[in-house]
Structures are given as structure tokens and as C-alpha cells.
Amino acid sequence: MSDSKELSVAQKKYGDIAPKIAELTDDVLFGDVWKREELSPRDRCLITVSSLITGGNTQQLKSHLNLAKQNGLSEEELIEAMTHLAFYAGWPKAMSAITVAKELFSKAE
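To keep things clear, this report deals only with the structure shown in the data block. (Residues numbered from 1 in each chain as written. Predicted model: local features only at pLDDT ≥ 70, side-chain atom pairs only at ≥ 80, totals over all residues. Heavy atoms only, no water.)

**What to know about a nonpolar patch on the surface**
A contiguous nonpolar patch, built from Tyr 14, Ile 17, Ile 21, Leu 24, Val 28, Leu 29 and Val 33 and spanning about 600 Å² of accessible area, is present on the exposed surface. Mapped onto the elements of the fold, Tyr 14 is located in helix α1 (residues 9–14). (Patch = residues over 30% accessible without salt bridge, like charges linked within 9 Å, V, L, I, M, F, W, Y side chains within 5 Å. Areas by Shrake-Rupley, 256 points an atom, 1.4 Å probe, with all protein chains shown as cover. Salt bridge = Lys/Arg side-chain N within 4 Å of Asp/Glu carboxyl O. Helix = DSSP H or I, 4+ residues; strand = E, 2+ residues; numbered from the N terminus.)

Given below as C-alpha cells:
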């Protein structure tokens, strides 16, 4: 796993049951792919959030919405992406994503 003494999010969530997936998440996904300069972290977040919505994967959406906000996307932009995706990914997937966003964003107020 990574050399950091503090456990990563992946290590905390999955390290006990799936240490290799935690290692790959830290070292390959966030340590390599997310660090590539061809796309900004903001763009990567928008792509990831859109992909999660399109796939109906709301389980991981909350953490990626938080990351998107940290990387410069506003709540308004994220909701607009969900509205746009309703026509391409499907209404139920967009509504499920908006439900997650509503819960998350209302806690931030």
C-alpha cells in the first residue's frame, strides 16, 4: 500500500477485506491516472461523476461529488450536468443522482 502513515480513504473502506483494490485505487487510479496532465482534476471529476450517473452507480457518487466540489465544480454545475444527463443516461438515473446531491448539498449548508 502507499507509504503514508495515515490510511487513505480506500485503505479505510476496503483495506481490511480487499487490500489489493485499496492499493490499486491509491497507487494506480489516484496516484497515476488522476495525476496525468492531459486533463485537469476538474475535468476528470466531471467525467467521473457523469460516468457514475450514466452507469447508475450512486453508491460512489457522494464521494465523487465532494471531490468535484474540491476541484472547482459548483453545486449548480453538477446539478446542470445531472439535468443534461437525464436525456442521455435516463431519467431514473438522473433522478437518483439528484437525490444523492440533494442530501449531500443540503448537509453542506
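Next comes the rest of the write-up.
**Points about helix α4 (residues 61–70)**
Turning to α4, its buried residues number three or more, namely Leu 61, His 64, Leu 65, Leu 67 and Ala 68. Projected onto a plane normal to the axis of α4, the buried residues spread over an arc of 160° and lie on a single side. Count one or two residues on from α4 and you reach Gly 72, which has phi positive near 105°. (Buried < 20%, exposed > 50% of the residue type's maximum accessible area, 1.4 Å probe, protein only. Arc of directions from axis to C-beta.)

**Here we look at the packing of aromatic side chains**
All told, the structure shown has two aromatic pairs when counted by the stated rule. Residues Phe 87 and Trp 91 carry aromatic rings whose centres are separated by 5.6 Å and whose planes lie at 85° to one another, so their mutual orientation is edge-to-face. Residue classification places Phe 87 among the exposed positions, given a relative accessible area of 64%. (Phe/Tyr/Trp six-rings, centres within 6.5 Å; stacked < 30°, edge-to-face > 60°.)

**Some words on the nonpolar core**
Soluble globular proteins tend to bury their nonpolar side chains together. Counting 19 residues, the largest nonpolar core has Val 49, Ile 53, Leu 61, Leu 65 and Leu 78 as its most contacted members. Put simply, the parts of the chain that give this core at least two residues each are α3 (41–55), α4, α5 (75–85) and α6 (91–108). With five residues, the top contributor of residues to this core is α6. (Core = buried A, V, L, I, M, F, W, Y, C linked by side-chain atoms within 4.5 Å.)

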